[in-house]
Amino acid sequence: MSNPKKIMHRLKADPLPTILDRAPANVKYLAMREFRYKETEMIEELRRKVESDSARQKMIETQDSEGLWPLDEKFSIEETHRAMQFLHQLKILTKLFNYGDRLEHDHIKKGLIALIKFQKPDGKFPLLLHHHGYALLLLSKYGLAANPLVEKSFRWISKKQRHDGGWLSSTMVPKTADPDAVKSCVWTTMVIVQAFSNHTRLKNSDVCKKGARFILENYLNIEPPSLFPEPNAWDYLLPNFNDQGIFRGGTLRFLEALTPLKEFHEHKNFQKAIDWMLAIQFRDGLFPAVAHTSVKGDHMVTFKILKLFKQLDAEIIEND
């Protein structure tokens, strides 16, 4: 079982030099800002490289006056078009977050305002519960968790928590099944718990704690109903940008959701996840995008894991 004091010491190799030498500019920038924050000249130089990235520039240039990024396809049914526009907004804002863009950038402010405008009067966002949870997670990451409209959406999703502590969209319940007898979806729940654990106040709520217990008890579960029923679903550490891909993250998302919740760190499954993560590290220090499948490491995944281990080690030092 892992000892959090020794997580960084148990790495097979320090991946930071490899990241700073070989990673794309955006990952280097994120890593410098997180681990070498005093080296301001290098950080500014990397930021300039990130801002000149052609894919990033194209996203900024195509944003319309309302803060939306236009869809390539026009849907004839207005409600469908609105839902797909909402999902597209989530994807673009996620991509820009990975470039290091933050709330102080005008295009991010406009994009987030446009995202919030997708809310219904009761606080509900379009599509299913995992889409709603992901919108809250993204808004929290950008620093808007305490916004009154965002708080309304947290209240809405809180009321949808089920008796087992998890969440499950009604469309995922088999038609012949008794809804009350069907277990909640661990992936849907994980995204929602991660949103709550990124909220300074609500991470201490009973809703968040019940959700955390559910995902702890269902770690490595692949039983239906599930967004990702494939046997190796927990191995997918790097989200992608297809319609379902942003909800991936496997064991890494599991740890990210629970890391801000200190009271659960001694749970056997949290410790098991840390041990597993350490075991899949490559000799060069990097971690795979898909464990047991990827033949080389991924820089973004490695940065996120390193940041997570840093947070866990800092917590132990703080308590000593």
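Residues numbered from 1 in each chain as written. Predicted model: local features only at pLDDT ≥ 70, side-chain atom pairs only at ≥ 80, totals over all residues. Heavy atoms only, no water.

### So, the overall build of the chain
Thought 1: Scanning the chain from terminus to terminus reveals 13 helices and two strands.
Thought 2: By the compact-globule yardstick of 20 Å for 320 residues, the chain fits well, its C-alpha radius of gyration being 20 Å.
Thought 3: In terms of principal-axis extent, the alpha carbons of the chain reach across some 50 × 45 × 35 Å.
Thought 4: Out of the 320 residues belonging to the chain, those deemed buried represent 55%.
Thought 5: Residue pairs at least 24 apart in sequence account for 63% of intrachain contacts in the chain once pairs closer than 6 positions are excluded.
Thought 6: Accessible area of the chain: about 15500 Å², with a carbon and sulfur share of 52%.
Thought 7: Mean positive and mean negative side-chain charge positions of the chain (47 and 40 charges, respectively) differ by 2 Å. (Helix = DSSP H or I, 4+ residues; strand = E, 2+ residues; numbered from the N terminus. Rg over C-alpha atoms; globule rule 2.2 N^0.38 Å. Buried < 20%, exposed > 50% of the residue type's maximum accessible area, 1.4 Å probe, protein only. Contact = heavy atoms within 4.5 Å. Areas by Shrake-Rupley, 256 points an atom, 1.4 Å probe, with all protein chains shown as cover. Lys, Arg positive; Asp, Glu negative; His and termini not counted. Charge placed at Lys NZ, Arg CZ, Asp CG, Glu CD.)

### Describing empty space enclosed by the protein
Thought 1: Under the definition given, this model contains one cavity of 30 Å³ or more.
Thought 2: Approximately 70 Å³ is the volume attributed to the largest cavity.
Thought 3: Contributing to the lining of the largest cavity are 13 residues, with S184, V186, N221, E223 and P225 lying nearest its centre.
Thought 4: The class makeup of the residues in the lining of the largest cavity is seven nonpolar, four polar and two charged. (1 Å grid on protein atoms, 1.4 Å probe; cavity = no way out; pocket = protein on both sides within 12 Å on 5 of 7 lines; lining within 4 Å. Points joined across faces, edges and corners; volume = space filled by probe spheres on them. Nonpolar A, V, L, I, M, F, W, Y, C, P; charged D, E, K, R; others polar.)

### Considerations on the packing of aromatic side chains
Thought 1: Evaluation of the coordinates by the stated rule reveals twelve aromatic pairs.
Thought 2: Judged by centre distance (5.0 Å) and plane angle (80 degrees), the rings of F154 and F196 are edge-to-face. With F154 in helix α8 (residues 148-158) and F196 in helix α9 (residues 186-197), the pair connects residues that are 42 residues apart, well separated along the chain.
Thought 3: With a centroid separation of 5.4 Å and an interplanar angle of 80 degrees, the aromatic rings of W187 and F228 are classed as edge-to-face. With W187 in helix α9 and F228 in the loop between α10 (206-217) and α11 (250-258), this pair connects stretches of sequence that are 41 residues apart. (Phe/Tyr/Trp six-rings, centres within 6.5 Å; stacked < 30°, edge-to-face > 60°.)

### Let's talk about the packing of α10 against α11
Thought 1: For the pair α10 and α11, interaxial distance at closest approach is 11 Å and the crossing angle is 150 degrees. Between α10 and α11, the crossing angle belongs to the class labelled roughly antiparallel. Considering only the axes of α10 and α11, their crossing is left-handed. Mapping the contact onto sequence places A212, I215 and L216 in α10 and F254, A257 and L258 in α11. (Axes fitted to C-alpha atoms, helices over the stretch in contact; angles between N-to-C directions. Parallel < 35°, antiparallel > 145°, perpendicular 65-115°, else oblique. Left-handed = near helix turned anticlockwise from the far one by under 90°.)

### So, the packing of α8 against α9
Thought 1: For the pair α8 and α9, the least separation of the axes is 12 Å and the interaxial angle reads 140 degrees. Comparing their axes, α9 and α8 come out oblique. As for the relative orientation of α8 and α9, their crossing is left-handed in sense. Residues F154, I157 and S158 of α8 form the contact with α9, whose participating residues are I192, A195 and F196.
Thought 2: In the contact of α8 with α9, the residues fall into five nonpolar, one polar and no charged.

### Remarks on the environment of F86
Thought 1: Position of F86 among the secondary structure elements: in helix α5 (residues 78-98).
Thought 2: With 218 residues separating them along the chain, F86 and K304 place their C-alpha atoms 26 Å apart.
Thought 3: Setting aside chain neighbours within four positions, we find F86 in contact with L115, F118, F125, P126, L127, H131 and A135.

### With respect to the nonpolar core
Thought 1: Among the nonpolar cores identified, the biggest contains 99 residues, and L90, W187, I215, F254, M277 and F309 are the most heavily contacted of them.
Thought 2: Not counting chain neighbours up to four residues away, the residues in contact with I215 comprise V186, T189, M190, V193, F254, A257 and L258. (Core = buried A, V, L, I, M, F, W, Y, C linked by side-chain atoms within 4.5 Å.)

### Here we look at the pattern of salt bridges
Thought 1: Taken as a whole and judged by the stated rule, the model has 13 salt bridges.
Thought 2: Among the ionic pairs, R22 bridges to D21, the shortest N-O distance being 3.9 Å. Accessibility classification places R22 together with D21 in one group, the exposed group.
Thought 3: K310 is the partner of E34 in a salt bridge, and the nearest nitrogen-oxygen pair spans 3.1 Å. Here E34 is found in helix α2 (residues 25-35), whereas its partner K310 is found in helix α13 (residues 299-319), with 276 residues between them in sequence. (Salt bridge = Lys/Arg side-chain N within 4 Å of Asp/Glu carboxyl O.)

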